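Residue-level listing of the chains:
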Amino acid sequence: MTYDAPWSVVYSETGRAGLATATTEERAAVLAFEKLLAQDPYSQGELYPDRVGGLYTALLTVADRLAWTSVLYRIDEARHEVLIVAIVSGP
């Protein structure tokens, strides 16, 4: 589903904390991913099976390699907004 106007991308408290503690390379990857989400959030990740529903996850490429860095986000159709819920980094 693509719209003419870009989606608004916002961060929850845990999303902001994840961005603040990310490495420089991870932060760059998340910010680049944020631009893609603003264009079309439905084409970026995959639906994650959680209890509430509507949670998407995307595994990011960091410094030209697939890393254990994932972004969890929800799409709010009514607000035309994407909420980055968490940024999860592995070893």
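Here we summarise the structure given alongside this text. Computed from a predicted structure; not experimentally measured.

**Things to note about the overall build of the protein chain**
And step 1. When helices and strands are tallied, the protein chain shows 2 helices and 5 strands.
And step 2. Seen in sequence order, the protein chain has helices and strands lined up from the N terminus as β-α-α-β-β-β-β.
And step 3. Against the globule reference of 12 Å for 91 residues, the protein chain gives a C-alpha radius of gyration of 12 Å, in line with a compact fold.
And step 4. On the principal axes, the C-alpha backbone points of the protein chain span a range of 35 × 30 × 20 Å.
And step 5. The buried share of the protein chain, reckoned over its 91 residues, is 38%.
And step 6. Considering only intrachain contacts with a sequence separation of at least 6, the fraction spanning at least 24 residues in the protein chain is 47%.

What counts and how
- Residues numbered from 1 in each chain as written.
- Predicted model: local features only at pLDDT ≥ 70, side-chain atom pairs only at ≥ 80, totals over all residues.
- Heavy atoms only, no water.
- Helix = DSSP H or I, 4+ residues; strand = E, 2+ residues; numbered from the N terminus.
- Rg over C-alpha atoms; globule rule 2.2 N^0.38 Å.
- Buried < 20%, exposed > 50% of the residue type's maximum accessible area, 1.4 Å probe, protein only.
- Contact = heavy atoms within 4.5 Å.

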